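Examination of the molecular architecture
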Amino acid sequence: MEKVLTVDPSNHRVARAMARRVADMVIDHFASLANRPVWHEGDAWLPADGRSGEWAEILIDMRSVLEHSMQVAHPKFFGHMDSGPLLVAVLADWVASALNQNMLAWELSPLATAVEEEVIAWLCALCGMDHGEGSLVSGGTVSNLTALLLALQSVTQGRFRTEGVWALRRRPVIFASDQAHYSVVKSAATAGLGEQSVVKISTDDAFRMDPERLRTALREVRASDASPVMVVATVGTTSTGSVDPVDAVADICREYGVWLHVDAAHGGALLFSEQKKHLLKGIDRADSVTVDPHKWLMQPKSMGAILTRHKGALRHLFESGAPYLTRKNETSARPQSRGGMSLQGSRRFDALRLWVTRRYLGDSGLTELVERNLAQVRAWADLLRAHPAFELAHEPELNLLCFRYRPAGVADERLDAINEEIQRELMRSGEGFLSVTSLRGRRWLRSVFINPTTREEDMRAVLDSIEKIGQRLYGR
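Remember, it's a predicted structure, so these values are computed and weren't measured experimentally. (Residues numbered from 1 in each chain as written. Predicted model: local features only at pLDDT ≥ 70, side-chain atom pairs only at ≥ 80, totals over all residues. Heavy atoms only, no water.)

**A look at the UniProt feature "modified residue: N6-(pyridoxal phosphate)lysine" (unreviewed entry) in the protein chain**
This chain's UniProt record puts "modified residue: N6-(pyridoxal phosphate)lysine" (unreviewed entry) on K295. For K295, the position within the fold is in the loop between β6 (288-291) and β7 (304-308). K295 sits in the buried class, given a relative accessible area of 16%. Each residue touching K295, except ones within four places of it in the same chain, is listed here: M81, S83, A265, H266 and I450. (UniProt positions renumbered as here; feature names shortened; annotations may be inferred. Helix = DSSP H or I, 4+ residues; strand = E, 2+ residues; numbered from the N terminus. Buried < 20%, exposed > 50% of the residue type's maximum accessible area, 1.4 Å probe, protein only. Contact = heavy atoms within 4.5 Å.)

Next up, the structure:
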């Protein structure tokens, strides 16, 4: 049979059959996912070279790819800020892939440009930036880097783009908590400022930035030969889901005239939470905000967003002319090309996924998802507190909780190795998945609840598996 390259009138029936077989295979896999292992050592499966190129044979191997991959949609997977994507978002992603629009230029994506502008306007409005702007990007790392570049443009009165670090008359300093995402330091290095330009502010017992220590650090830097460039407040730290006091940090940034960036890559979903939205007080005062819909909003990877209240700032930073693209439409009301608003050039039509999700669920449906996850982590915390062999590292502020297996009579210095081994054994067993993290120099098991299908019986099963592994390994 002749290979189908693209769909046309001569092969649409064959193409339809190919697509249906893939769709059926994917739906069948996820319908039975709860009965499958959570984790596989996937590289042990890879098929040998020289396999048939026939579609039927490829389908067999694709089914094996489904079965031997990490199952982030599994109800017993609660180890990272990764979720099984919403079905409607997956279907929208299929359409976007088929269209293969390029967000670099309006002429290459006229309708897609309008959709992304609508999505960005919605996100800006949620953050209280009604007259702001933004762009979808690959994720929080690029978004946080963009925020730093915007701050550098601001502190140099727009000269950083043309002069680079030479536009900085004094040593630049960035402030973030000791729990901030690693991409803050990575961004400083990438922008040419160096990792040492990041000053880490100590956190309180709940792993939140201490505003008074921030104020002291800013005062000391101002008194030296350095210049504050940006303060990063985190909404939903990666290890514990802690939320920095954004409003208090905003007061200090205003006092010192420093750019405030709110990294809400994970915690931005609280914009839809009735019970936790108060934690975002002050986000409307930020100069820029990071939100990652591919985390708690259950969008397929990858999708982040950089938002700023400063209209025109992104274009001033990134706009570059290209002789082979249509120039700005001076006399038209049509949107400008969005390629001039991000570090990325060619970019997918990612906005369609979130646009369809909002249409399908509405803001109230997204609220229900977030509240369900918050209820899950509370139930999980109750189960752990009721068991004498487990210890909580903190009270859950968002949908994350760190804890450890702490059998009676085991010295503290052994607990790190014990919990790391439990995590590895649980992963290998396929009976559940948790991650590990470090807090105050100690190793803790880390859980994240994003999957709406996780039930209390799934939690109890994972807890039983952890206890059995601990008893088998350490006999208590």
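**Looking at helix α5 (residues 140-155)**
Here α5 is 16 residues long and its end C-alpha atoms lie 22 Å apart, about the 22 Å a rise of 1.5 Å per residue gives. With respect to burial, α5 is a largely interior element, 13 of its 16 residues being buried. (Expected span 1.5 Å × (residues − 1).)

**Some words on the packing of aromatic side chains**
The full count for this structure, using the stated rule, is 8 aromatic pairs. An aromatic cluster is built from F78, W380, F390, F403, Y405 and F449, whose rings are joined through pairwise contacts. Above the plane of the ring of W355 lies R359, whose end atom (NZ or CZ) is 5.2 Å from the centre. Above the face of the W444 ring, R404 is positioned so that its terminal group lies 4.2 Å from the ring centre. (Phe/Tyr/Trp six-rings, centres within 6.5 Å; stacked < 30°, edge-to-face > 60°. Lys NZ or Arg CZ within 6 Å of the ring centre and 35° of its normal.)

**With respect to the pairing of strand β9 (residues 400-405)**
Across the 6 residues that make up β9, a large majority, 6, are buried. Residues L400, C402 and R404 of β9 are buried on one face, and the alternating residues L401, F403 and Y405, pointing to the opposite face, are buried as well. As defined by bridge partners, strand β8 (residues 390-392) adjoins β9 across 3 bridges and the pair is classed as antiparallel. In the sheet register, F390 faces β9, and the bridge partner there is Y405. Pairing between β9 and strand β11 (residues 442-448): 4 bridges, direction antiparallel. Following the sheet pairing, L401 is matched in β11 by S447. (Pairing = 2+ DSSP bridges.)

**What about a nonpolar patch on the surface?**
Taken together, the side chains of I27, L87, V90, L91 and W94 define a hydrophobic patch exposed on the protein surface, amounting to about 490 Å² of accessible area. Among the elements that make up the nonpolar patch, the one with the highest residue count is helix α3 (residues 87-99) (4 residues). (Patch = residues over 30% accessible without salt bridge, like charges linked within 9 Å, V, L, I, M, F, W, Y side chains within 5 Å. Areas by Shrake-Rupley, 256 points an atom, 1.4 Å probe, with all protein chains shown as cover. Salt bridge = Lys/Arg side-chain N within 4 Å of Asp/Glu carboxyl O.)

**Re the sheet that holds strand β1 (residues 133-137)**
Strand order in the open sheet formed by 7 strands is β1-β7-β6-β5-β4-β2-β3, with mixed pairing between adjacent strands. Looking at which strands have only one partner, the edges of the open sheet turn out to be β1 and β3 (198-201). Averaged over all pairs of adjacent strands, the angle between strand axes in this sheet comes to 20°, irrespective of strand direction. Two elements, strand β2 (residues 171-177) and strand β4 (residues 226-234), share 6 bridges in a ladder whose sense is parallel. Counted as the bridge partner of P172 is S227 from β4. Along the sheet, helix α7 (residues 183-190) makes contact with β2, β3 and β4, crossing β3 at roughly 165°. (Axes fitted to C-alpha atoms, helices over the stretch in contact; angles between N-to-C directions.)

**Here's the deal with the environment of L343**
Mapping L343 onto the fold places it in the loop between α10 (313-318) and α11 (351-385). Between the alpha carbons of L343 and S364 there is a distance of 33 Å; along the sequence they are 21 residues apart. Those residues within four positions of L343 in sequence are excluded, and the remaining contacts are L145 and F318.

**Looking at the environment of A167**
Tracing the backbone through its elements, the reader meets A167 in the loop between α6 (160-163) and β2. Among the residues examined, A167 registers a relative accessible area of 2% and is labelled buried. Residues A167 and A19, 148 residues apart in the sequence, show an inter-C-alpha distance of 54 Å. Ignoring any residue separated from it by four or fewer positions in sequence, one finds A167 in contact with T156, R159 and F160.

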